[in-house]
Each structure stands twice: as C-alpha cells, then as structure tokens.
Number of protein chains: 2
Amino acid sequence: MGGAAPRRVTVVGGGGFIGTNLCRRLAADGVATRAFGRSRGFPDALEGIDWIQGTLSDRDAVSRAIDGADAVVHLVSTTTPASSNADMAADVAGNVLASIGLLEECVSAGVGKVVYLSSGGTVYGVPETVPIPEAAPTDPISSYGITRLAIEKYLGLFGRLHGLDSVTLRVANCYGPYQRLRGQQGVVAAFLERGLRGEPVELWGDGETVRDYVFVEDVVQAILLAIGHAGPEKVINVGSGEGRSLNDVVASLGDALGAPLEVVRREGRAVDVPRSVLDISLAERALGWTPETSWEEGLRRTVAWARKRQA
Amino acid sequence: MGGAAPRRVTVVGGGGFIGTNLCRRLAADGVATRAFGRSRGFPDALEGIDWIQGTLSDRDAVSRAIDGADAVVHLVSTTTPASSNADMAADVAGNVLASIGLLEECVSAGVGKVVYLSSGGTVYGVPETVPIPEAAPTDPISSYGITRLAIEKYLGLFGRLHGLDSVTLRVANCYGPYQRLRGQQGVVAAFLERGLRGEPVELWGDGETVRDYVFVEDVVQAILLAIGHAGPEKVINVGSGEGRSLNDVVASLGDALGAPLEVVRREGRAVDVPRSVLDISLAERALGWTPETSWEEGLRRTVAWARKRQA
C-alpha cells in the first residue's frame, strides 16, 4: 500500500516462470517493462516486451538492463535446492556474489525499489512450528536456502548503507501457467506433464510430504503490491497459508484433468522437510494481500493453459 | 561437556590474536597442535608449534594443515567489519567460499569436530533487546556480519549432509595478550598502545557506545570446552555478559596503567550499534563455561604483557 505506481520496471529473471507472468501483467497494466535473463521459456508470451539477454553475473548487461528503471524485481536463481548442495561454491558465486553486483548497480542507477523473491520453502529449514511466521528460525538444509538468506541480508544492508529500498517476498511453492512442464522444479508442472501424456506419476515415500502451493497470478499481485510498499516490513511470506500433501496434489490434478492420475510408488528417499506451510498474516497486514485464487481454480487454469499449449 | 579430549588439533588462523593464545594453551595441555595461517603476529610465542603457512582459499595448503586432526578450530577472517562493507564481494569470496572449501576438506579428512569463531558483535546487527540471546534476530549491518552468519549456516548444513559435527561460538569483543597493538581491531589494544606511548586516545561522539569485552584466556577456555561438547547446542554466545562504555574502557585502562589516559574528543561518526552485550547463559548451561577473569584482572594482565613486550 502507498507509494506511486512505478513507470518503468526491470524484471531480472524475466524470462522464467514467475517472470513471464509478471512481465505480461506489468505490460497489461501499461508499465514500461523490460525483461532481463539468460533465456525466455516462452518467447511468444513476451512478444512486444523489451528483452535484454544476459546472466546475473554479467555486470555490463545488468547495468544496461536496469538503466532508467524505477523498480527492479529480482527473480533469478542459478541453482535448485538439489543442485546447490552439489556445488555450493557455484551457488554462492552465481547467486550471492552476482546479487551483490546487481544491488551495487541498482545504487549507481538510482533505482527506487528492489523486490526480491526469496524462498519460503527453503530459508526456514525444518520448521519448529507450522504455519511458519517470518520471525521463525532460519536454518536451511540446502545451500540454496543459505544463499537466499544471505541475499536477503545484503538487501537489508544496502538499505542501511545506501538507502536502497527493498522488500523480500519469501514465496512458497508457486505453480501456474508458463511453468515449464519438463523443468527442474515444480511438482504440479511435473505431475501435469505426466498426466497429459497419460503416463504415471512417481511418488517417493508415503506421499504425505506437505507443502504450501500458491498460484502464480497471486504471487504476481504480491510483487506489484511490494513494489508500491512503503511500510517498515521488509521480509514477507507469500503463500496460500494452506498445506497440501503430494497425495492431495495428485488427486486434485486428476480432478482438474477429468481422469485420475496413475501413481507409481517408490521407496521413500530421505525427505527433507516433512511439512512446510507459511503463515501469511503479515502479507495481509503489510501489503493488503491475500491469495485470491482457490487451489481448484488455480489447477483448472493451469490445466487449461497446458492443454492450449499442447494443441 | 563430555567427549574425549582431542589428541590432534589444527588451529586455522593460528597465527592471529586468539589463535596464538589457543595454540599456546593447547601445547601446554599436551595436545599435538598445528597452526595454520597467513602469518604469525608473534612467531616467538609459537616456538615449537607446528606451523603451516597459507591462506584459507588455498585448498592444498588447507588440506595439508588439517590432515590427521581430530578437531579443527576456524578463526580466520580476511576482513574487518569496516573493510567488508568496502568490498563485499571480496568478503564473500575470502570468507564464505573459502570456509566452504575448508569444510569440504574437513569432511574428506574425517575431522571429528569443527569449532568456528563467529562474531557476537556483528551477527545480530542492532539488537532489539540487551543482553542478546542466541535466538535474537540476525540482521547484520556489515557484510562481515552477513558472511559470519552464512558460514554458521554452512556449518549446520555440513552437519546435516555429511555428519560433520561443529560448534559456533559467537564471541564478543575479545582483548588480551598477543593482540597486535597497532592492528585493525580492538579498542583495548589500540587505546593501550596510545597510553604506553603517552599519546592521547581519540574518542568519537560521547564515548557511551557500549560493548561486551571478554578476556582472551576465557575465550580459549570456551573453545576447549566446545571441542569436547557433545550436546545439541550448536551456536553459543561467548562474552562477559557485561556492558562497558568506551569512557569506561578509557578510565579502566588508566587505572591499569597507573596514570589516566588523555582523551581527545572528536565529532561523533555514525555509530553503528549503540549497545551490544551478549546473554551468556547458554554457554554456562551447554558448556559449563563462565568467564573467570574480571575486567580489572584482564586489563592488568594485558598491560603487564604489553610492558614486557616493550621492554
């Protein structure tokens, strides 16, 4: 709430899942939008939107991308939770070091606001209480979670040292249109892809791992509110506030597809966090945000999008 | 408490202030001690102690240094709070990346325990409550504090992923013998050097900035207890638990020197944290540790050491 609407926004990581949705919404709202990233998952979806190609570690490209922007949204991750543990040094270099460079460029360019998408699913580690409030302990069980947390702290530091205003959104498991169906992350997308091909989904363990799934357009709305946010809250959870097991996801996707998904159960691999659900009350108080898309509606729209892409 | 006494200890950063004190104590206790570091502040004080020269970023040297060690104590910092903000990328590379390398080498070498000295004065940022418990929010106002925190999180992660046991000690402002009098850190050492030369000390602002000063031999004792610690507590404050203003430090040092220090007051620079004092009750519960050296006694011994070095 509060704050003038931005006229020019650069979306760093604009070619990815959330970035594609965000750029489309910004453009539809009449905001001068520039997308920056390594590649575009769905180039046709970003038609007409200014695109600069580059990696987060490329200072020159970053500088060109944010030039003239009132607000910068930072969505880049060069790792996944699994890959981050396999090469922690690369995780630190590609994310923490590169993000420090981005923030330095934002200070130089006089950017008014940075919104960073952190990870509500990894920064807390194994939660002591569920739903998890922002003040909960942060003991990540992946390098990915540690590097998100470090970037959050650098955002706070740049605010203090250089007056760079920022909001960190700790986002839960996001799903929806423009998530690559054969990508590295997102069980909804992965299961949906199997379902559309008539293939069985694989479930490790008992399928009772619980996560918080939030529809991408609700996340986009939270980002827009965060860009205009002028309050003191700097780190805010964004999720549905509701927990769903993998078994639930499979059943609900079957409903949305009109036919139950076939399941192949595998011996459980070491499950990291059994249950992760975010407390989203601060987002309502600070941003006036609540998720508006029900789980069933979100899945229905995701399935409709996927079928249309297939056709 | 508990845990067998280590037979072989490598002190990474063994040539520095706390490292020199720790190595001398370990050697006196009959522990096979190896010191590793960039340089030795007081080479004669480490006579007879195995010394390997190298930086934390030099994997080969680190590997040789920890070979055969039951326990590794990690005392290295390549930055100070002030220098860290001037070059954050160097801070991340020299400390976080290099420490990940050290931990990987510790896993390979089968090291049983790592004790890491983090910074009780910087990881918490501006405290909400004083004295500061370990569970307090951690919002550093220097890159130095952020990198200490990230290293702490990697220690936790290596414990989870690889079974590498560790204890982090968040140490307050440490003072005592073998702190370089013209070094970058430590107001006690800096003021003492001025006093011994008969020169005035400079105080910025009103001198009411409060810190927690702990005598180095008490910190060494906490490290020895942490090496043998088998309990679940992984992050433990180590300080005096008492706050002293800079004005107090000047007055007490004058008493210890036998003549008041002359003070030149300067216009206050932006003071970062007005008051930082650690809650040390967990150290007593978890390690059976309390500081045993009074402030007056610690200063007296520091002054005696400095006079002897001068003679």
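One can find the structure itself at the top, above this paragraph.
Residues numbered from 1 in each chain as written. Chains lettered and ligands numbered in written order. Predicted model: local features only at pLDDT ≥ 70, side-chain atom pairs only at ≥ 80, totals over all residues. Heavy atoms only, no water.

Caption draft 1: Expanded view of the overall build of chain A. Along its length, chain A carries 10 helices and 13 strands. Since a compact globule built from 311 residues should have a radius of gyration of about 19 Å, the 19 Å found for chain A is in line with a globular shape. Each of the three principal axes of chain A carries a C-alpha extent, and together these read 55 × 45 × 40 Å. Counting across all 311 residues of chain A, residues that qualify as buried make up 54%. Long-range pairs, those at least 24 residues apart, make up 79% of the contacts in chain A between residues at least 6 apart in sequence. Accessible surface, chain A: about 12900 Å² in total, of which carbon and sulfur atoms supply 47%. (Helix = DSSP H or I, 4+ residues; strand = E, 2+ residues; numbered from the N terminus. Rg over C-alpha atoms; globule rule 2.2 N^0.38 Å. Buried < 20%, exposed > 50% of the residue type's maximum accessible area, 1.4 Å probe, protein only. Contact = heavy atoms within 4.5 Å. Areas by Shrake-Rupley, 256 points an atom, 1.4 Å probe, with all protein chains shown as cover.)

Caption draft 2: Geometry of the interface of chain A and chain B. Counting residues at the interface gives 26 residues for chain A and 26 residues for chain B. Surface buried jointly by chain A and chain B totals about 2000 Å² across both partners, of which 73% is contributed by carbon and sulfur atoms. A per-residue breakdown of the area chain A buries against chain B is headed by Met-88, Ile-146 and Lys-153 of chain A, which together make up 29% of the total. At the boundary of chain A with chain B, the tally comes to 2 salt bridges. One salt bridge in this structure joins Asp-139 of chain B and Lys-153 of chain A, with 3.4 Å as the shortest N-O distance. Taken together, chain A and chain B are joined by 6 residue pairs in polar contact (both at pLDDT 80 or more). Of all the secondary-structure elements, those providing two or more residues to the side of chain A that touches chain B are α4 (88-109) and α5 (143-162) of chain A. For the side of chain A that touches chain B, the element with the highest residue contribution is α5 of chain A, accounting for 11 residues. (Buried area = accessible area lost by both parts, 1.4 Å probe. Salt bridge = Lys/Arg side-chain N within 4 Å of Asp/Glu carboxyl O. Polar contact = N/O pair within 3.5 Å; in protein donor to acceptor, adjacent residues only side chain to side chain.)

Caption draft 3: Representation of the packing of aromatic side chains within the structure. Residue and element names in this part refer to chain A. Considering all chains together, one arrives at 12 aromatic pairs over all chains under this definition. Relative to Trp-295, the ring of Tyr-175 lies with its centre 5.4 Å away and its plane at 75°, an arrangement referred to as edge-to-face. Of the two residues, Tyr-175 sits in strand β7 (residues 173-175) while Trp-295 sits in helix α10 (residues 295-310), which places them 120 residues apart along the sequence. Accessibility classification places Tyr-175 together with Trp-295 in one group, the buried group. Just above the ring of Tyr-144 sits the side chain of Arg-148; from NZ or CZ to the centre is 3.8 Å. (Phe/Tyr/Trp six-rings, centres within 6.5 Å; stacked < 30°, edge-to-face > 60°. Lys NZ or Arg CZ within 6 Å of the ring centre and 35° of its normal.)

Caption draft 4: Representation of the environment of Ala-71 of chain A. All names here are of chain A. In this structure, Ala-71 sits in strand β4 (residues 71-74). Placed 35 residues apart in sequence, Ala-71 and Cys-106 show a C-alpha to C-alpha distance of 9.1 Å. Beyond its immediate sequence surroundings of up to four residues, Ala-71 is in contact with Pro-6, Arg-8, Val-9, Thr-10, Val-111, Lys-113 and Ile-227.

Caption draft 5: Structural view of unusual backbone geometry. All names here are of chain A. The omega angle of the peptide bond from Val-130 to Pro-131 is 0°, so this bond is cis rather than trans. Here Pro-131 is to be found in the loop between β5 (113-119) and α5. Residue Tyr-178 is not a glycine yet carries a positive backbone phi of 75°. Of note, Tyr-178 is situated in the loop between β7 and α6 (187-196).

Caption draft 6: A look at the nonpolar core. By size, the foremost hydrophobic cluster in this structure holds 60 residues, and its most contacted members are Tyr-154 of chain A together with Tyr-154 of chain B. Beyond its immediate sequence surroundings of up to four residues, Tyr-154 of chain B is in contact with Met-88, Asp-91, Val-92, Ser-143, Ile-146 and Thr-147 of chain A together with Val-96, Ile-100 and Leu-103 of chain B. (Core = buried A, V, L, I, M, F, W, Y, C linked by side-chain atoms within 4.5 Å.)

Caption draft 7: Spatial organisation of the sheet that holds strand β1 (residues 8-12) of chain B. Residues and elements named next belong to chain B. Across the sheet, 7 strands lie side by side as β3-β2-β1-β4-β5-β6-β11; this open sheet has parallel pairing. The open sheet has two edge strands, β3 (50-53) and β11 (235-238), and neither has a second partner. Across the sheet, the axes of successive neighbouring strands diverge by a mean angle of 20°, strand direction being ignored. By the bridge criterion, 4 bridges tie strand β6 (residues 166-171) to β11 in an arrangement that is parallel. Of the residues in β11, the one forming a bridge with Val-171 is Val-238. Where helix α1 (residues 17-28) meets the sheet, its contacts fall on β1, β2 (32-37), β4 (71-74) and β5 (113-119), and the angle it forms with β1 comes to roughly 170°. Helix α5 (residues 143-162) rests against β5, β6 and β11 of the sheet, and its axis sits at about 160° to β5. (Pairing = 2+ DSSP bridges. Axes fitted to C-alpha atoms, helices over the stretch in contact; angles between N-to-C directions.)

Caption draft 8: Just the side chain of Ser-245 of chain B, in detail. Residues and elements named next belong to chain B. Of note, Ser-245 is situated in strand β12 (residues 244-245). Side-chain polar atoms of Ser-245 contact the backbone nitrogen of Asp-248, separated by 3.0 Å. Leaving out residues up to four positions away in the same chain, Ser-245 has contacts with Gly-207, Glu-208, Thr-209 and Val-210.

Caption draft 9: Layout of the pattern of salt bridges. Applying the stated criterion across every chain, the model contains 36 salt bridges over all chains. The partner of Glu-199 of chain A in a salt bridge is Arg-197 of chain A, and the shortest N-O contact between them spans 3.4 Å. As a salt-bridge pair, Arg-170 of chain B and Glu-152 of chain B come within 2.7 Å of each other at their nearest N and O atoms. Within this pair, whereas Arg-170 of chain B is found in strand β6, its partner Glu-152 of chain B is found in helix α5, the two being separated by 18 residues in sequence. Like Glu-152 of chain B, Arg-170 of chain B is buried.

Caption draft 10: Up close: the sheet that holds β4 of chain A. Residue and element names in this part refer to chain A. The strand order β3-β2-β1-β4-β5-β6-β11 describes an open sheet built from 7 strands, whose pairing is parallel. Each edge of the open sheet is held by one strand with a lone partner, namely β3 (50-53) and β11 (235-238). Sheet twist, expressed as the average angle between the axes of neighbouring strands with direction ignored, equals 20°. Relative to β5, β4 is paired through 4 bridges, and the arrangement is parallel.

Caption draft 11: Quick look at the packing of α4 of chain A against α5 of chain A. All names here are of chain A. One can describe the packing of α4 onto α5 by two numbers: an axis separation of 10 Å at closest approach and a directional angle of 20°. With respect to their mutual orientation, α4 and α5 come out roughly parallel. Of the two elements, α4 crosses α5, and the hand of that crossing is right-handed. Across the interface between the two elements, Met-88, Asp-91, Val-92, Asn-95, Val-96, Ser-99, Ile-100, Leu-103, Glu-104 and Val-107 of α4 pack against Ser-143, Tyr-144, Thr-147, Arg-148, Ala-150, Ile-151, Tyr-154, Leu-155, Phe-158 and His-162 of α5. (Parallel < 35°, antiparallel > 145°, perpendicular 65-115°, else oblique. Left-handed = near helix turned anticlockwise from the far one by under 90°.)

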